[in-house]
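Structural features, examined
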Amino acid sequence: MLEARGLVKRFGSVTAVDDVSLEVGEGQVVGLLGPNGAGKTTTLHMLLGLVTPDGGSVRLFGADLASNRLQALSRVNFAAGYVHLPGALTVQECLIVFASMYAVRHARRRVDELIELLDLGDLRKRRVRHLSSGQQTRVQIAKALVNEPALLVLDEPTASLDPDAGDRVRQLLLGLAHETGRAMLITSHNMREVERMCDLVHFMAGGHIVATGSAAELASIYGVEDLEAVFLRVARG
């Protein structure tokens, strides 16, 4: 689904990402973790074609992203808390706009399905700017699913959700991965979430991938009990 090789990105004299390579296969959930400033978001933005790499390559579904941008990205979607949705639109209007942008057939029917799936029925007619941060996150997840993407890229997808809503979203995402073969690349600072969701985890620090494995493998390698302890080891060098 996704193959990145030797990605490099510099901002002036700062190398934010240095020789990062990773893959995400069909139905696989891969975590990209690391402390703030490790290069995770810049890496995601290169994988999505939002930032042009200074070195390396990205292939989506076997095609080079640089030369097949529109075709490849039509099968991808993205959600992040720092991306603002149009505040003047209602939830329903917002999702219909994004469905139209992706040329989704029967857009209103698809939006109705997503409103039910994400339990947004009571918010359907509410303007996005009047939603709480947790409610906006659920709309973001709905937006990310609107085109039934083969690859989902999620930057801290449950960060603003309460434990109940977060658990429901995790169950939904895992169900999609297992039942439909959707691939997912996620970042998160919730290590229990990563342990539950991810088949494979990459840890970044200083722009490099410094450790790769399942949650259990990484805990064993670092001689600690869980992924949170691994995170602390990586973050503190």
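Please refer to the structure placed before this passage.
Reading the values: rules and limits
- Residues numbered from 1 in each chain as written.
- Predicted model: local features only at pLDDT ≥ 70, side-chain atom pairs only at ≥ 80, totals over all residues.
- Heavy atoms only, no water.
- Helix = DSSP H or I, 4+ residues; strand = E, 2+ residues; numbered from the N terminus.
- Contact = heavy atoms within 4.5 Å.
- Pairing = 2+ DSSP bridges.
- Axes fitted to C-alpha atoms, helices over the stretch in contact; angles between N-to-C directions.

**A few points about the environment of R138**
Within the element layout of this structure, R138 appears in helix α5 (residues 133-145). Taking the C-alpha atoms as reference points, R138 and A66, separated by 72 residues in sequence, lie 31 Å from one another. Beyond its immediate stretch of four places on either side in the chain, R138 contacts L118, D119, L120, L123 and L161.

**Some remarks on the sheet that holds strand β4 (residues 55-60)**
As summarised here, the arrangement of the four strands in space is β2-β1-β4-β5, forming an open sheet in which the pairing is antiparallel. Looking along the sheet, the strands with just one partner apiece sit at the ends: β2 (14-24) and β5 (63-64). The pairing of β4 with β5 spans two bridges and is antiparallel. For L60, the partnering residue across the bridge sits in β5 and is A63. Against the sheet, helix α1 (residues 40-47) engages β1 (2-11), β2 and β4, with an angle of about 120 degrees to β1.

**A look at the sheet that holds strand β8 (residues 183-187)**
Reading across from one edge, β6-β7-β8-β3-β9-β10 is the order of the six strands in this open sheet, with mixed pairing throughout. Of all strands in the sheet, those bounded by a partner on one side alone are β6 (76-80) and β10 (208-213). Recorded for the sheet is a direction-independent mean angle of 15 degrees between the axes of neighbouring strands. On the sheet, helix α8 (residues 215-222) packs against β9 (200-205) and β10 and is oriented at approximately 110 degrees with respect to β10.

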